[in-house]
Amino acid sequence: MLPGIGFTELMVLAVAALIIVGPKDLPMMMRRLGQFVGKGRAMAREFQAAFDDIARQSELEDLRKEIEDLKRSNSLKQATSDLSSYEQDVNSAVMAQSRSEAAAKLAEQTSPETPEAKPEAKSKPAAKPETGPEAEPKGDPA
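Read on for a plain summary of the structure. (Residues numbered from 1 in each chain as written. Predicted model: local features only at pLDDT ≥ 70, side-chain atom pairs only at ≥ 80, totals over all residues. Heavy atoms only, no water.)

The secondary structure content of the protein chain amounts to three helices and zero strands. A buried classification covers 1% of the 142 residues belonging to the protein chain. Carbon and sulfur atoms provide 61% of the accessible area of the protein chain, an area that totals close to 14,000 Å². (Helix = DSSP H or I, 4+ residues; strand = E, 2+ residues; numbered from the N terminus. Buried < 20%, exposed > 50% of the residue type's maximum accessible area, 1.4 Å probe, protein only. Areas by Shrake-Rupley, 256 points an atom, 1.4 Å probe, with all protein chains shown as cover.)

Next up, the structure:
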């Protein structure tokens, strides 16, 4: 029960309470003492529960912080995001280049034709004299 209080001490306290309070009021006093002890225990349980709640919440906050740190330092996720940003840069550069090439082709097709731009058909150049074995003069070589 209580540390340092033995059976003999409890008997002395019970006899003193019987003499001081009297036999008629002793049961009512014991009931009130029991209610008081019950309320004290209920308050102690409530305090302990609140303290445990606070401890649990602080542990949960620590766990949340650790999880957030892990999410931030997740190198695989960071590498994938870097790779996707590079991919977007490359795709936009390729698209811009293909658009500029398409615009240049469209400009060539829709530009008004000028005489300088249009090559005129020229007459065939004079035939070159043949200089092969077939081109030797026919006749006597003497």
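On to the pattern of salt bridges, then. Taken as a whole and judged by the stated rule, the model has one salt bridge. Note that Asp53 is salt-bridged to Arg56, the shortest N-O span being 2.9 Å. Taken together, the residues span about one helical turn, with Asp53 and Arg56 both in helix α2 (residues 26–72) at a distance of three residues. Given a relative accessible area of 39%, Asp53 falls into the partly exposed group. (Salt bridge = Lys/Arg side-chain N within 4 Å of Asp/Glu carboxyl O.)

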